[in-house]
Amino acid sequence: MTNNNRARHAGKANLSWTMWLITAISLPLILVACSTRRLAAVPSPMVARARPPVDNVRFVLGLDFDKFEDEYLLSLQRETTYLASMGHKGPLPATSYLAISGGGGNGAFGAGLITGWTGSGRPVFKTVTGISTGALIAPFAFLGPKYDPILRQTYTTTTDAGIYHKRWIVKAFMSDAMADTQPLQAMVNRLITPEFLAEIAAEYTKGRLLLVGTTDLDAQRGVIWNMTGIAASNDPDALGLFRKILLASASIPGAFPPVMIDVTVDGKRYQEMHVDGGATAEVFIYPPRFHLKEIAAANGYDRKRTLYIIRNDRLDAEWANVDRRTLSIASKAVSSLIHTQGNGDLHRMYLTAERDHLDYNLAYIPADFTAVSKSEFDPVYMTQLFARGQEMAAKGYPWQKYPPGYAPDPVAK
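Quick notes on the rules
Residues numbered from 1 in each chain as written. Predicted model: local features only at pLDDT ≥ 70, side-chain atom pairs only at ≥ 80, totals over all residues. Heavy atoms only, no water. Helix = DSSP H or I, 4+ residues; strand = E, 2+ residues; numbered from the N terminus. Buried < 20%, exposed > 50% of the residue type's maximum accessible area, 1.4 Å probe, protein only. Contact = heavy atoms within 4.5 Å. Areas by Shrake-Rupley, 256 points an atom, 1.4 Å probe, with all protein chains shown as cover. Salt bridge = Lys/Arg side-chain N within 4 Å of Asp/Glu carboxyl O. Pairing = 2+ DSSP bridges. Axes fitted to C-alpha atoms, helices over the stretch in contact; angles between N-to-C directions. Parallel < 35°, antiparallel > 145°, perpendicular 65-115°, else oblique. Left-handed = near helix turned anticlockwise from the far one by under 90°. Nonpolar A, V, L, I, M, F, W, Y, C, P; charged D, E, K, R; others polar.

## Structural notes on the overall build of the protein chain
Here is step 1: Counting secondary structure elements, the protein chain contains 13 helices and 11 strands.
Here is step 2: Scored against the burial criterion, the 413 residues of the protein chain give a buried share of 46%.
Here is step 3: Taking the contacts inside the protein chain whose residues are at least 6 apart along the sequence as the reference set, 77% of them involve residues at least 24 apart.
Here is step 4: As presented, the protein chain carries roughly 20600 Å² of accessible surface, and 58% of it is formed by carbon and sulfur atoms.

Have a look at this one:
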C-alpha cells in the first residue's frame, strides 16, 4: 500500500470512527427526543388508589385482597339468587374453574382442547381466567360452545400479519416496541362487539366471573381485571376498556407496544403502562392469599370444586445446541426463564388447590407432538396443534393430577 493509499485508508478509518462516535453520542439524545410520550405514571404510594375509566373492576395483586374477597362473595350471592330463580333448592351444586395460560401460537392447543371438550361433557365454569393468548381465548370459552367456530377460525387461520407488523429498525428503537399490533387490535375490535359484551354481562348476573391478567409495568405488579364486572357496568367506557385489557394481556414487552390506561387519583390524571400478564404469571385462578374454601365455608357457601388448567406449552425441557453468541445465549436464557416460571405457576396452583380442596386437573401439549412452527403464528402448525388438542379432548382428555416433576409421597399417603 502506498503512502497516499495509507493516508486515504487512515482517513476513511478516522471518518468511520468519527461517525460511529457521533452516532453513539447522539443516538440516546435522538431516542429521548423521539420517544413516545405519556402521562406521568402513578406514584408508588398511590397505586392502590388509582381509578381506571370503569371503577371497581380490578384487583392489584398484593394491594386489593379485601376487594377481591368482597367481589367473590358477591358473586356467590348472585349465583344463589339466580339458582333460586331457576327452582334450585338446597346447598350450592358442584362447580368448576378454568385457567388458560399464555403461549402465543401455542394457544391453538387450548382452543382445540376446549372445542373438543364440548362433545365430551364440557362444564359451565364458575370462573374462567386467561393471560396473554389465554386472555384472547377466555371470553369465548366463558360463553360456551356457541363460540367454538370462532376459536377454530382464529387459531387455525391466523398468520403473523394478522397479529402484528414489524417496524423499520430505526423506528422500532425510537418507538415503544419492535412491532405494532394494529392487526390484533382490529381483530379484537371485530370480535368484541357491544352485543358480545351484553352476553358477558348476562353471565355476571348469574354469579359467574371472567378474569384477565395484565402486568402494570410501572408498579411491577400483576393486575386481575373483572371482565364480567366491566361488561355489566353499563359504563360508556366499558367496551373500550374491555378491548384494551385483552390487547394489553397479549402485549409482549419490547416486542409489542404496551397499552396505556388512563387513571385518576384524587382527580389528577395519570397513565399506567400495561403489558403481557405473563410478565408476572403465566397462568392463575385467584390470588394465592385468597383462601377460597375457608372464606366460602365461613359464609355458608361450601361445595365441591374442580380446577382445570390448560397450559399452552410443553412441560418437558426443549433441548437445543445454543450458539456461543450473545443473542443466542440471551434468547435461550429468556426462553428458559419463561418455561420455568410457567411450571412454577403450576406448582403454586397445585398447592393452592390442595389447601382449598379443589380437584386439580392439568392439560398441556404432549411431548410427542413434534411439529415445528415456521413463524410466531404459523397456520399450518397451529392447525395441527388445534387438531391434536381437539382429538385428545373428544376422547376424554387424560387430565394430569399433579404439576410437572411432582409425585405423591407414598409414605404420606
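## Things to note about the pattern of salt bridges
Here is step 1: A full pass over the atoms with the stated rule returns 23 salt bridges.
Here is step 2: In this structure, the salt-bridge partner of glutamate 203 is lysine 206, at a minimum N-O distance of 3.1 Å.
Here is step 3: Linking arginine 314 and aspartate 316 is a salt bridge whose minimum nitrogen-to-oxygen distance equals 2.5 Å.
Here is step 4: A residue is classified by how much of its surface remains accessible, and arginine 314, at 26% relative accessible area, is partly exposed.
Here is step 5: By relative accessible area, aspartate 316 is classed as partly exposed at 29%.
Here is step 6: Among the charged side chains, a salt-bridge network with shared partners connects Glu79, Lys126 and Arg303.

## A word on the pairing of strand β8 (residues 259-265)
A regular strand places its side chains on the two faces of the sheet in alternate fashion.
Here is step 1: Only one face of β8 is covered, namely the face carrying Val259, Ile261, Val263 and Val265; the face carrying Met260, Asp262 and Thr264 is uncovered.
Here is step 2: Inspection of the sheet shows β8 paired to strand β9 (residues 268-276) by 7 bridges, in the antiparallel sense. Directly across from isoleucine 261, in β9, lies its bridge partner glutamate 272.
Here is step 3: The hairpin turn running from β8 into β9, its antiparallel successor, is 2 residues long, and aspartate 266 in that turn takes a positive phi close to 55°.

## Topic: the environment of arginine 311
Here is step 1: Position of arginine 311 relative to the elements: it lies in strand β10 (residues 305-311).
Here is step 2: Overall, arginine 311 belongs to the buried group, its relative accessible area being 2%.
Here is step 3: In this structure, the C-alpha to C-alpha distance between arginine 311 and alanine 363, residues 52 residues apart in sequence, is 6.0 Å.
Here is step 4: Discounting chain neighbours no more than four positions away, the residues touching arginine 311 are Ser101, Gly102, Phe109, Glu282, Ile338, His339, Gly342, Leu346, Leu362, Ala363, Tyr364 and Ile365.

## Comments concerning the packing of helix α3 (residues 107-118) against helix α4 (residues 133-143)
Here is step 1: Across the interface, α3 lies against α4 with an axial gap of 10 Å and an inter-helix angle of 15°. As judged from the angle between their axes, α3 and α4 are roughly parallel. Where α3 crosses over α4, the handedness of that crossing is right-handed. For the pair α3 and α4, the contacting residues are Gly107, Ala111 and Ile114 in the first and Thr133, Ile137 and Ala141 in the second.
Here is step 2: The residue makeup of the contact of α3 with α4, split by class, is 4 nonpolar, 2 polar and no charged.

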